[in-house]
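Architecture and fold: a report
Read off the chains here:
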Amino acid sequence: MPKQVDHAGRRRLIAEAVCRLADERGLEGVTLRDVAARAQVSMGAVQRCFRTKEEMLVFTLGHVGERIDERVQARLVRSPAQSAGTALGHAVTEISLLRDEHRAEARVWLAFVAQAAVSEALATPLKANYAALQNAFARLVAEACEGTDRAADLDPRREARTLLALADGLTTHVLVGHLTPEEAQDVLHTHLTGLWERPARLPSREPSDAADAARTAHATHATHATHATDQPNAR
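Residues numbered from 1 in each chain as written. Predicted model: local features only at pLDDT ≥ 70, side-chain atom pairs only at ≥ 80, totals over all residues. Heavy atoms only, no water.

Quick notes on the overall build of the protein
What counts here: Each helix is a run of H or I in the DSSP string that is no shorter than four residues. Each strand is a run of E no shorter than two, and both are numbered from the N terminus. Each residue is placed in one exposure class: buried if its accessible area under a 1.4 Å probe, protein chains only, is under 20% of its type's maximum, exposed if it is over 50%, and partly exposed if it falls in between. By the convention used here, residues are in contact when the closest approach between their heavy atoms is within 4.5 Å. Note on areas: Shrake-Rupley, 1.4 Å probe, and residue coverage restricted to the protein chains presented here.
Helix and strand counts for the protein stand at ten helices and zero strands. In the protein, which comprises 235 residues, the proportion classed as buried is 34%. Put simply, 65% of the contacts in the protein that link residues at least 6 apart link residues at least 24 apart. Total accessible area on the protein stands at roughly 14,500 Å², and carbon and sulfur atoms take up 54% of it.

Section: unusual backbone geometry
You will see that glutamine 40, though not glycine, has its phi angle at about 60 degrees, which is positive. Its location among the elements puts glutamine 40 in the loop between helix 2 (32–39) and helix 3 (43–49). Judged by relative accessible area, glutamine 40 falls into the exposed class, the value being 73%. Positive phi, close to 55 degrees, is recorded for leucine 97, a residue that is not glycine. Its location among the elements puts leucine 97 in the loop between helix 5 (84–96) and helix 6 (103–116). You can call leucine 97 buried: its relative accessible area is 3%.

Observations regarding the pattern of salt bridges
This is how the line gets drawn: Counted as salt bridges are all cases of a side-chain nitrogen of Lys or Arg within 4 Å of a carboxyl oxygen of Asp or Glu.
Within the structure shown, the criterion is met by 14 salt bridges. A salt bridge links glutamate 24 to arginine 38; the shortest N-O distance between them is 2.9 Å. Remark: arginine 38 occurs in helix 2 and glutamate 24 occurs in helix 1 (residues 7–25); sequence separation between them is 14 residues. If you follow the salt bridges from partner to partner, you end up with Glu16, Arg67, Arg71, Arg75, Glu94, Arg99, Glu101 and Glu105 in one network.

A short note on helix 5
As a reminder of what qualifies: Take the residue count of a helix, subtract one, and multiply by 1.5 Å to get its expected span.
Between the first and last C-alpha of helix 5 there are 18 Å, a value that for 13 residues agrees with the 18 Å anticipated at 1.5 Å per step. Helix 5 sits mainly inside the fold: eleven of its 13 residues count as buried. Along helix 5, the residues classified as buried are Ala84, Gly85, Ala87, Leu88, Gly89, Ala91, Val92, Thr93, Glu94, Ile95 and Ser96. In this structure, the buried residues of helix 5 make contact with helix 4 (53–76), helix 7 (120–145), helix 8 (156–175) and helix 9 (181–195).

Quick word on the confidence of the model for the protein
Rules: As a per-residue measure, pLDDT reflects the predictor's confidence and takes values from 0 up to 100.
Across the protein, the average pLDDT comes to 84, with 80% of residues at or above 70. No element of the protein has a lower mean pLDDT than helix 10 (residues 209–230), which averages 49, and none a higher one than helix 8, which averages 96. Under a pLDDT of 50 for its full length, residues 204–211 has, in the predicted model, two contacts with residues more than four places off or in other chains. Within the model, pLDDT remains below 50 along residues 222–235, and this stretch shows zero contacts once partners closer than five positions in the same chain are excluded.

So, the nonpolar core
Cut-off, in case you're wondering: By nonpolar core we mean a set of buried residues, namely Ala, Val, Leu, Ile, Met, Phe, Trp, Tyr and Cys, connected to one another through side-chain atoms within 4.5 Å.
The biggest cluster of nonpolar side chains holds 61 residues, and the ones touching the most others in it are Ile14, Met56 and Phe137. At ten residues, the largest contribution of residues to this core is made by helix 7. Beyond its immediate stretch of four places on either side in the chain, isoleucine 14 contacts Val35, Ala39, Ala45, Val46, Cys49, Phe50 and Met56.

Describing the packing of helix 6 against helix 7
Note the cut-off: Where helices are involved, their axes are fitted lines through C-alpha atoms of the stretch in contact, as for all axes, and angles between N-to-C directions lie from 0 to 180°. Working definition: roughly parallel below 35 degrees, roughly antiparallel above 145 degrees, roughly perpendicular at 65 to 115 degrees, and oblique for all remaining angles. Rotating anticlockwise by less than a right angle from the far helix to the near helix defines a left-handed crossing, while the corresponding clockwise rotation defines a right-handed one. Classification used: nonpolar for Ala, Val, Leu, Ile, Met, Phe, Trp, Tyr, Cys and Pro, charged for Asp, Glu, Lys and Arg, polar for all others including Gly.
Direction vectors running N to C along helix 6 and helix 7 enclose 120 degrees, while the axes themselves pass 8 Å from each other. Looking at the two axes, helix 6 sits oblique to helix 7. Here the hand of the crossing between helix 6 and helix 7 comes out left-handed. Across from Trp109, Phe112, Val113, Gln115 and Ala116 in helix 6, the residues of helix 7 making contact are Leu122, Ala123, Leu126, Asn129 and Tyr130. Its residues assigned to classes, the contact of helix 6 with helix 7 comprises eight nonpolar, two polar and no charged.

Quick look at the packing of helix 4 against helix 6
Direction vectors running N to C along helix 4 and helix 6 enclose 130 degrees, while the axes themselves pass 11 Å from each other. By the angle between their directions, the pair helix 4 and helix 6 is classed as oblique. In the packing of helix 4 onto helix 6, the handedness of the crossing is left-handed. Between helix 4, through Leu57, Thr60, Leu61, Val64, Gly65, Arg67, Ile68 and Arg71, and helix 6, the contact on the second element is made entirely by Glu105, Val108, Trp109 and Phe112.

Right, here's the structure in full:
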């Protein structure tokens, strides 16, 4: 009997090879031949799984996204003692990929994000992924603010968009060494804490009646003095 081939398993094996190569050299240097060598399969096996390099990259992006999404969803499964705000903090931390064990995954993810800027085939699933996360985050923001004095101040969808952008930005800043993971985590924690705290009101800048009168008198005096200076000398 002919040997049965696990096509789904082989596709995942090839996707893992793509990830390792992308981590080492970015996506620009990934070729089908290199992938075949790294996955220890033939070129023919790669081509039977994926008709083009683009198709292979789209599958790999989905493969990476699924891993991250599984961790995010695990964070969103809340116990009775976990608030919506706490669940949101855990989920945003997860997609920021700040922990040391996720550093390689962060490099691969950002390599795909950069490539998606010039590839609509990659941009389409990325946008769908961001949209799903934004909806989940917006629901958590709305739930966390429900019944509090912050409910009228916050737009859940705007805050969800901000959190997604902040998470990606922190990932980049840690990878290039601008921030340490601890500093990035502090930025994220400070932002999240600020969501649930109403900002202090600034002191009123309305002038007092006395101060207003004094300024008016000063301005009137200056105007009269200028007017007198401008008059021609009497002869």
